[in-house]
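An overview of the molecular structure
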Amino acid sequence: MEISRHAHRKDEHLSLAEKFYTPTADSQFDQLRFVHQSLPEMAVSDVDITTQLGPLTLPVPLMIEAMTGGSPRTGKVNAALGRIAAATGMPVASGSQSIALKDDAAIATFTPLRENNPDGVVFANIGAGHTVAQAQAVVDMLAANALELHINTAQELVMPEGDRSFHWLNGIGETVAALNVPVIVKEVGFGMARETLEQLAKVGVTYVDLGGRGGTNFAQIENFRRPDKELTYLAGWGQSTVESLLEAHSVPQQQVIATGGVRHPLDAAKALALGASVVGSAGQVLHSLLRTDEDATVAMLQSWQTGLKRIMTLLGTRNLAELRQQHLLLSPELLSYCDQRHLDY
């Protein structure tokens, strides 16, 4: 009964993520502007978008972010995501694999990510409250190249059956020290502040997924699952993806993945210019897959790669290092945020 209830929740999350999907986002990318360069003196073919995430060399700085797994329906989605990742050359992250540690039958809903993408980069995923042995088990389950260790206090507190006690930091440090693959500490849509990043740095975390506000909203999703739906006031909680990127400038030793409300290549280019090594999208990919099909989703993600190269040509930047030298123009709202948070950009 317990396992079937977990599987039902996975299906609920998938349906509600699509129910609340919107084509626009409040991740604040629209409050950033590039300065156009009329004489780039280069060709689109000169652009190199390879990126490095620790020991991993990635052909593109775009990834398919963590979504799902744990039920027959979500297993089919993961199979499709594995094929899409293989076709586009993009890394793909698993949804939380904790259910597969409780029920061997659930393992088969996650492994298609690797089975359909045998040579690609796959990230395993588990919550920060698990042991080192459990973290290693989910990595082994997918022959994963890295582990996403997600932190989700806001989601848990709104979730009717969620956790109410959060003592994760020491365990995060132990997992980082023990595993021989990169461990990426990932927020799930509420962003990261400088203080959080500094706490993580002290226990050895060098890779973070900022998971900013603006994409899939788990406070909204979990509140919808509550009988009285009384926690609507938390729907806007957290730092946006752009605010989180600005916060991350204060901890330059960490490599950053930017996710949360990335809707098109221009959003991705802005995130990369703000310092991200990789930019991820979940909601946009899921929406395309559910509303169209695999081929159309592959075409969309390939067009994102082409679009990113076009934008970099407009800026006269041949690689991501040059793109990060571009100084974006910030809106008055973002300038005020930086001022109040004492952030340098």
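To start, this report covers the structure provided alongside it. Keep in mind the model is a prediction, meaning the values are calculated, not measured.

1. Observations regarding the pairing of strand S11 (residues 278-281)
Of the two faces of S11, both are covered, the one formed by Val278 and Gly280 as well as the one formed by Val279 and Ser281. Bridge count for strand S4 (residues 62-64) against S11 is three bridges, and the pairing is parallel. Bridge pairing links Ile64 to Ser281 in S11.

2. Observations regarding the nonpolar core
One broad trend across soluble globular proteins is that nonpolar side chains are buried collectively. Core analysis: the largest hydrophobic core is formed by 81 residues, its most contacted members being Ile64, Leu147, Ile172 and Leu245. No other element matches the seven residues that helix H13 (residues 294-314) contributes to this core. Core analysis: the next-biggest nonpolar cluster, separate from the first, contains 13 residues, Leu58, Met63, Phe123 and Val278 among them.

3. Quick word on the side chain of Glu187
Within the fold, Glu187 resides in strand S8 (residues 183-187). Lacking a salt bridge, the buried Glu187 has Lys186 as its closest oppositely charged neighbour, with an N-O distance of 8.0 Å. Those residues in contact with Glu187 that lie beyond four places of it in its chain are Ile151, Met192, Asp209, Leu210 and Gly211.

4. Regarding the environment of Ala178
Along the chain, the position of Ala178 falls in helix H7 (residues 169-178). The class for Ala178 is partly exposed, based on a relative accessible area of 46%. For the pair Ala178 and Ala133, spaced 45 residues apart in sequence, the C-alpha to C-alpha distance is 9.3 Å.

5. Let's talk about empty space enclosed by the protein
With the rule as written, the count across this model stands at one cavity of 30 Å³ or more. The wall of the largest cavity is formed by Leu62, Met63, Met90, Val262, Val279, Gly280, Ser281, Leu301 and Trp304. With three residues, S11 is the single largest residue contributor to the lining of the largest cavity. Classifying every residue of the lining of the largest cavity gives seven nonpolar, two polar and no charged.

6. Brief notes about the environment of Ala268
You can see Ala268 is positioned in helix H11 (residues 265-273). Here the alpha-carbon distance between Ala268 and Val279, two residues eleven residues apart in the chain, equals 6.0 Å. In contact with Ala268, other than residues within four places in its own chain, are Leu62, Val262 and Val279.

7. Section: helix H2 (residues 72-88)
Between the first and last C-alpha of H2 there are 25 Å, a value that for 17 residues agrees with the 24 Å anticipated at 1.5 Å per step. Where H2 ends, the next residue or the one after it, Gly89, has phi of about 75 degrees, a positive value.

8. Things to note about the layout of surface pockets
Size it by volume and the second largest pocket reaches roughly 380 Å³. Forming the walls of the second largest pocket are 19 residues, and the residues nearest its centre are Ile151, Thr153, Glu187, Thr196 and Gln199. With three residues, the single largest contributor to the lining of the second largest pocket is helix H8 (residues 194-202).

9. Some details on the pattern of salt bridges
Side chains carrying opposite charge are able to pair once their charged atoms draw close together. According to the stated counting rule, one finds ten salt bridges in the structure shown. Residues Arg341 and Glu195 are paired through a salt bridge, measuring 2.7 Å at the closest nitrogen-oxygen approach. In this pair, Arg341 is assigned in helix H15 (residues 332-341) and Glu195 in helix H8, connecting sequence segments 146 residues apart. Assessed through its relative accessible area of 37%, Glu195 is described here as partly exposed. Measuring nitrogen to oxygen at the nearest pair gives 2.7 Å for the salt bridge that ties Glu247 to Arg341. A residue pair is termed long-range when its members are at least 10 positions apart, and Glu247 in helix H10 (residues 241-248) and Arg341 in helix H15 qualify at 94 residues. Neither Glu247 nor Arg341 differs from the other in exposure class; each is buried.

10. Brief notes about unusual backbone geometry
Most of the time, phi is negative for any residue but glycine, and the peptide bond is trans. The phi dihedral of Glu41 falls on the positive side, at around 55 degrees, and the residue is not glycine. Structurally, Glu41 can be placed in the loop between strand S1 (32-33) and strand S2 (51-53). Backbone geometry places Ala143, a non-glycine residue, at a positive phi of 45 degrees. Its location among the elements puts Ala143 in the loop between helix H5 (132-142) and strand S7 (146-151).

Reading guide: rules and limits
- Residues numbered from 1 in each chain as written.
- Predicted model: local features only at pLDDT ≥ 70, side-chain atom pairs only at ≥ 80, totals over all residues.
- Heavy atoms only, no water.
- Buried < 20%, exposed > 50% of the residue type's maximum accessible area, 1.4 Å probe, protein only.
- Helix = DSSP H or I, 4+ residues; strand = E, 2+ residues; numbered from the N terminus.
- Pairing = 2+ DSSP bridges.
- Core = buried A, V, L, I, M, F, W, Y, C linked by side-chain atoms within 4.5 Å.
- Lys, Arg positive; Asp, Glu negative; His and termini not counted.
- Salt bridge = Lys/Arg side-chain N within 4 Å of Asp/Glu carboxyl O.
- Contact = heavy atoms within 4.5 Å.
- 1 Å grid on protein atoms, 1.4 Å probe; cavity = no way out; pocket = protein on both sides within 12 Å on 5 of 7 lines; lining within 4 Å.
- Points joined across faces, edges and corners; volume = space filled by probe spheres on them.
- Nonpolar A, V, L, I, M, F, W, Y, C, P; charged D, E, K, R; others polar.
- Expected span 1.5 Å × (residues − 1).

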